[in-house]
Amino acid sequence: MRDIIKKVPIPTAGVALGLAALGNLLQPYAEIAHIACGALSLFLVAMLVAKLIMFPSMLREDMKNSVFASVSATFFMTLMQLAGYLAPVAIVPAFGLWCSAVAGHFVLMTWFTLYYIRRFKLTEVFPTYFICYVGIIVAAVTSPVFGAEAFGQGIFWFGFACYLVLLAVVTMRYIKHEIPEGARPLFCIYAAPMGLSLVGYLSVMPDPNLVFVAVLMGLGQLMLIGVVTRVPKFLALQFYPSYAAMTFPFVISAMALGKGVQALYAAGYSIPALPVIEALIAVETLFAAVMVAYVFVLPERTLLLLSPRLLKLSHESLDDRCRDVAAAFGLTEREYEIFMLLARGRDVGYIEKTLFISRNTVNTHRKNLYRKLGIHTQQELLSLIEDSLS
């Protein structure tokens, strides 16, 4: 269990967020789906908390990467949603959890601004920046549960203003610089802010501007179409932690379309081709559920892929042997993480994209662990592990 917790990446929080939101999306259809998604989301959150307690240095190392640092905001966004799950049975603890999550998100936002924005580099900008700043709108979405709509209104306008600024910055980054393969699925995050903004706006505004609602709904659907058309290309890639981006954006887009249509219909507007739009909502809901389930299950499947030299080993025995070698030779936690990937035959390029660290950082850690192991090549590393089993 210790090894499993050690491998839990920060983007797991994104999957937890997708599950929590999916539960809310599916609740009108089946309460059991709502409960199941909430339970799975809570399980992933618990795994991340366990890693924070057991391996804090690994998380500190991850926070030195702008992608992981900004994605970590999904942890607090998930807690806000889970507070909504808890509220019907324990309102006081739920409110405490919600307040803590909102405060934690603002603390992260402040730290991220001081650490990354002050030394701004366009090449380090990714759609995950939306999560850090626009993601706070989840506080607006969940504020009515605790009677904090006035606070939620302020949160909404703050997050929406951040979105308008970041949309230009992130788009400029895509125009000017190539995106590494491991980060390409992050493009899916483009679909989230517009939908989240609409859901947040409708959650806290007692008399919403219906023109504004219609504009956000239309633009959100255009964003979703632009993302969905590229999903097949992302799925053709090997698995990366950035697959977590293919969860919450699709859930919130389906939710935004549904709530937008409800708001227009409640105001007495005649909606053309309403049956077609209702069918589209159902299709988007199904698609979101499928994508969340796929991303949730996929990492377990990919963990079974071993390098050709070590196919004769079971996943468990390889992990055990790598752990023993790492302990015997005093590898650091990051060196152990890279050692595990090298043991599966992965190259520097794969490790760089998977861990979102620079090639120089990978090479430095590889050089250090090779020195500690008394070897010089990856072939010798594989032989070391195989020989130790005989």
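This one's a predicted model, so the numbers in the text were calculated from it and none came from an experiment.

1. Side note on the overall build of the protein chain
When its secondary structure is counted, the protein chain shows 20 helices and zero strands. Computed over its C-alpha atoms, the radius of gyration of the protein chain comes to 22 Å, within 12% of the 21 Å expected for a compact globule of 390 residues. Taken over 390 residues, the protein chain has a buried fraction of 52%. Taking as baseline every contact in the protein chain between residues at least 6 positions apart, the subset at least 24 positions apart corresponds to 76%. Per element, the accessible surface of the protein chain, about 17,400 Å² overall, is 67% carbon and sulfur. Side-chain charges of the protein chain comprise 29 positive and 24 negative groups, with the mean position of each set lying 7 Å from the other.

2. A word on helix H18 (residues 348–355)
Three- or four-residue spacings in an α-helix give side chains the same orientation, since the helix completes a turn every 3.6 residues. Among the eight residues in H18, six count as buried, and that is most of the element. Val348, Gly349, Tyr350, Ile351, Thr354 and Leu355 are the residues of H18 that are buried. Looking at the buried positions of H18, the neighbouring elements they touch are helix H5 (66–71), helix H17 (333–343) and helix H19 (359–373). A positive phi of about 55 degrees marks Phe356, the residue just after H18.

3. Quick word on the environment of Ile179
Take Ile179: it is sitting in the loop between helix H10 (149–176) and helix H11 (192–204). The buried category is assigned to Ile179, whose relative accessible area is 10%. Placed 56 residues apart in sequence, Ile179 and Thr123 show a C-alpha to C-alpha distance of 8.8 Å. Setting aside residues no more than four positions away along its own chain, Ile179 makes contact with Phe126, Arg173, Tyr174 and Arg184.

4. As for the packing of aromatic side chains
For the structure shown, the criterion picks out 28 aromatic pairs. On the basis of an interplanar angle of 80 degrees and a centroid distance of 5.7 Å, the ring pair of Phe160 and Phe212 is categorised as edge-to-face. Pair noted here: Phe160 is in helix H10 and Phe212 is in helix H12 (residues 210–228), with a separation of 52 residues, a long-range link. Judged by its relative accessible area of 10%, Phe160 falls in the buried class. A connected cluster of aromatic rings, assembled from ring pairs, spans Phe130, Phe156, Trp157, Phe160, Tyr163, Tyr174, Phe187, Tyr190, Tyr201, Phe212 and Phe234. Geometry around Phe126 places Arg173 over its ring, the cationic atom sitting 4.7 Å from the centre. Over the ring of Phe187 we find Arg230; its NZ or CZ atom is 4.3 Å from the centre of that ring.

5. Quick look at a nonpolar patch on the surface
Where nonpolar side chains cluster on the molecular surface, the patch consists of Val211, Val215, Leu219, Leu222 and Ile225 and spans about 470 Å² of accessible area. With respect to the secondary-structure elements, Leu219 resides in helix H12.

6. Here we look at the environment of His365
By secondary structure assignment, the location of His365 is in helix H19. With a relative accessible area of 15%, His365 lands in the buried category. For the pair His365 and Leu122, spaced 243 residues apart in the sequence, the C-alpha separation amounts to 26 Å. Among residues more than four places away in sequence, those in contact with His365 are Glu61, Arg334, Glu335 and Ile338.

7. Comments concerning the confidence of the model for the protein chain
Residue-level pLDDT values for the protein chain average 88, and 94% of them are 70 or greater. Taken as a whole, residues 300–315 scores under 50 in pLDDT and shows 32 contacts with residues more than four places along the chain or in a different chain.

8. Some words on the pattern of salt bridges
Applying the stated rule across the entire model yields five salt bridges. Between Lys64 and Glu61 there is a salt bridge; the shortest N-O distance is 3.7 Å. Residue classification places Glu61 among the partly exposed positions, given a relative accessible area of 25%. With a shortest N-O distance of 2.5 Å, Arg334 and Glu337 are connected by a salt bridge. One end of the pair, Arg334, and the other, Glu337, are both in helix H17, three residues apart, so they sit about a helical turn from each other.

9. Some words on helix H3 (residues 31–54)
The first and last C-alpha atoms of H3 sit 35 Å apart over 24 residues, in line with the 34 Å expected at 1.5 Å per residue. Listed in full, the buried residues belonging to H3 are His34, Cys37, Gly38, Ser41, Leu44, Val45, Met47, Leu48, Ala50 and Lys51.

Procedures and definitions
Position numbers for residues start from 1 in each chain and track the written sequence from start to end. Where local features are concerned, this predicted model is filtered to residues with pLDDT of at least 70; where side-chain atom pairs are given and counted, the filter is 80 or more; whole-chain, interface and lining totals use all residues. Values reported for side chains reflect all heavy atoms of the structure, with hydrogen atoms and water molecules removed beforehand. Labels follow the DSSP assignment, with helices taken as runs of H or I lasting at least four residues and strands as runs of E lasting at least two, numbered in each case from the N terminus. The globule rule used for comparison is 2.2 Å times the number of residues to the exponent 0.38, while the radius of gyration itself is calculated over C-alpha atoms. Each residue's exposure class comes from its accessible area (1.4 Å probe, protein chains only) as a fraction of the maximum for that residue type: buried when under 20%, exposed when over 50%, partly exposed otherwise. By definition, residues are in contact when any of their heavy atoms lie within 4.5 Å. Where accessible areas are quoted, they stem from the Shrake-Rupley method and a 1.4 Å probe; at the residue level, only the protein chains shown are allowed to cover. All tallies of charge rest on Lys and Arg as positive and Asp and Glu as negative; His and the ends of each chain are not included. In plain terms, the charge of a residue is placed at NZ if it is Lys, CZ if Arg, CG if Asp and CD if Glu. What counts as a ring pair is set by centres within 6.5 Å for rings of Phe, Tyr and Trp (its six-membered ring), and what kind of pair is set by the plane angle: stacked under 30 degrees, edge-to-face over 60, tilted for all other angles. In our convention, an over-ring charge means Lys NZ or Arg CZ found within 6 Å of a ring centre and within 35 degrees of that ring's normal. Nonpolar side chains (Val, Leu, Ile, Met, Phe, Trp, Tyr) are joined into patches within 5 Å and like charges within 9 Å, using only residues with over 30% relative accessible area and no salt bridge. The term salt bridge refers to a side-chain nitrogen of Lys or Arg lying within 4 Å of a carboxyl oxygen of Asp or Glu. pLDDT measures the predictor's confidence residue by residue and takes values from 0 up to 100. The length a helix should cover is 1.5 Å for every residue beyond the first.

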